[in-house]
Amino acid sequence: MSKAYMKEGRLVVPDCVTVPFIEGDGVGAEITPVCQQIVNKAVSIAYKGKRSIEWMEVFAGEKSYQKNGEWLPEETMKAFLEYLIGIKGPLTTPVGGGIRSLNVALRQTLDLYVCLRPVRWFKGIVSPLKEPQKVNMHIFRENTEDIYAGIEWEQGTPEAEKFYAFLHDKMGVKKVRFPKTSSFGVKPVSVEGTHRLVRAAILYALQHKLPSVTLVHKGNIMKFTEGGFKRWGYDLAETEFSDVTFTMNQYDQIKNTLGEESAKAALAHAVNAGKLLVKDCIADAFLQNTLLKPEEYSVIATLNLNGDYVSDQLAAMVGGIGIAPGANINYQTGHAIFEATHGTAPDIAGKNIVNPCSLLLSSVMMLDYLGWKEASVLIVKALENLFESGKATYDLARFMPGGTALGTVEFGEQVIGQL
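Now for a quick tour of the structure. (Residues numbered from 1 in each chain as written. Predicted model: local features only at pLDDT ≥ 70, side-chain atom pairs only at ≥ 80, totals over all residues. Heavy atoms only, no water.)

1. Describing the sheet that holds strand 15 (residues 336–340)
Note the cut-off: At least two DSSP bridges between two strands are needed for those strands to be called paired. Helix and strand definitions here come from DSSP, where helices need a minimum of 4 consecutive H or I residues and strands a minimum of 2 consecutive E residues; each element is numbered from the N-terminal end. Axes, fitted as lines to C-alpha atoms, cover a helix only where it is in contact. Angles between the N-to-C directions of the axes lie from 0 to 180 degrees. Throughout, a contact is declared for two residues whenever any of their heavy atoms are within 4.5 Å.
Overall, mixed pairing links the 11 strands, which are arranged 4-3-5-15-14-6-7-13-10-12-11 in an open sheet. Every interior strand has two partners, whereas the edge strands, strand 4 (52–57) and strand 11 (245–247), have only one. Direction aside, the axes of adjacent strands within the sheet are offset by 25 degrees on average. Examined bridge by bridge, strand 3 (residues 16–22) and strand 5 (residues 85–88) share 2 bridges and lie parallel to one another. Bridge pairing links Ile22 to Lys88 in strand 5. Each of strand 10 (212–217), strand 11, strand 12 (276–282) and strand 13 (299–302) touches helix 7 (residues 226–240); the most contacted strand, strand 10, lies at about 160 degrees to it. Of the strands in this sheet, strand 6 (114–120), strand 7 (136–142), strand 10 and strand 13 touch helix 11 (residues 304–317), which is tilted by about 155 degrees from strand 7.

Right, here's the structure in full:
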């Protein structure tokens, strides 16, 4: 088995690389083999048999629990730690105590601080927007802080009472309206967590020659957490990337000292020089703007809860969660887990109608991460051809004029045929 590894800050990938995978629960058993077949074929064609992926199954979720009585075995975590790169289908979260979420557990344990969700429109997919072709965004959602820290105390428990007593007696907090029936949560946001997320977003934008990074936040209300995210994000851009970026924070400083015309001139000069524009937007205004003027945004850097809302809205704008890929990445250690962004869908499991495109496009992201761009391009072109010809699984085909609904297996066969 050949492992990818990091050397001097770069990912090194052998020609035959081992990739651990979790099949997933519910529809995972259907989409995972289809996606693996497509990826195998694309890699074989792109590199004429000189490169390949060795798939190594590891277990989590219901399949794991039925097999060995554990929802997330230590062996699975060790495999992802050792082999760096993995991929997973959707997982059931166990009911009751113990692990709050298997997905969160994986992200927290491996410190996968970036949730990367690219969103684009495919011609042929029916969208609620008049001009969906203008949607082409890349969301960098912070993955380890904010609400994902999972720091909560339920109302009526001794812990909640103790926490409120500390707030009231030691911190002088008088604003809890109904303290006896309130639950409490803590929202940690750090300088380091902000810096590494915004750094990753800026480097991604520069690498892909994208025009802007937008810091999406609610700093007008949460001034020290989300407001801190905005300030620290700007600080990072202006110190580490001063030669290649221009920030709207700098624009405001010039405006306040030299006037608006000087600020406009500085902005125009920066744009003409090809500098990356780093700006910010209040979260609720951003959600509105993505509908009204989506072309103004390319890379988005945001906190966890905002990113949850933003990711799902943008996915709906281009056809739904069924074609929304996702990755959880630590760019410093090289660890990355690519995943289907939808749930286990038990109501349609086993019926050969589930759309495999979320996991397939996540596989495309994985190929890009490996540096195997030639194979990923083949898959994307195959999907473009199928969608434009009106062929898709039922969830998408039913909205296409004259669309042809294909089963999961048949859709995979069609993609392979297009390769």
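2. Focus: the environment of Ala283
When you line up the elements, Ala283 lands in helix 10 (residues 283–292). Expressed as a C-alpha distance, the spacing of Ala283 and Gly307, which sit 24 residues apart in the sequence, is 9.3 Å. If near-sequence neighbours (up to four positions away) are discounted, Ala283 is found in contact with Val216, His217 and Asn306.

3. Description of the packing of helix 1 (residues 28–47) against helix 12 (residues 357–370)
The test is simple: Throughout, the term roughly parallel applies to angles under 35 degrees, roughly antiparallel to angles over 145, roughly perpendicular to angles from 65 to 115, and oblique to all others. Here is the rule for handedness: rotate from the far helix to the near one, and if that takes an anticlockwise turn smaller than a right angle the crossing is left-handed, while a clockwise turn gives right-handed.
Contact geometry for helix 1 and helix 12: axes closest at 9 Å, N-to-C directions at 40 degrees. Of the possible angle classes, the one that applies to helix 1 and helix 12 is oblique. Along this stretch, helix 1 crosses helix 12, giving a crossing that reads as right-handed. Counted together, Ile31, Thr32, Cys35, Ile38, Val39 and Val43 of helix 1 and Leu359, Leu360, Ser363 and Leu367 of helix 12 form the full contact between these two elements.

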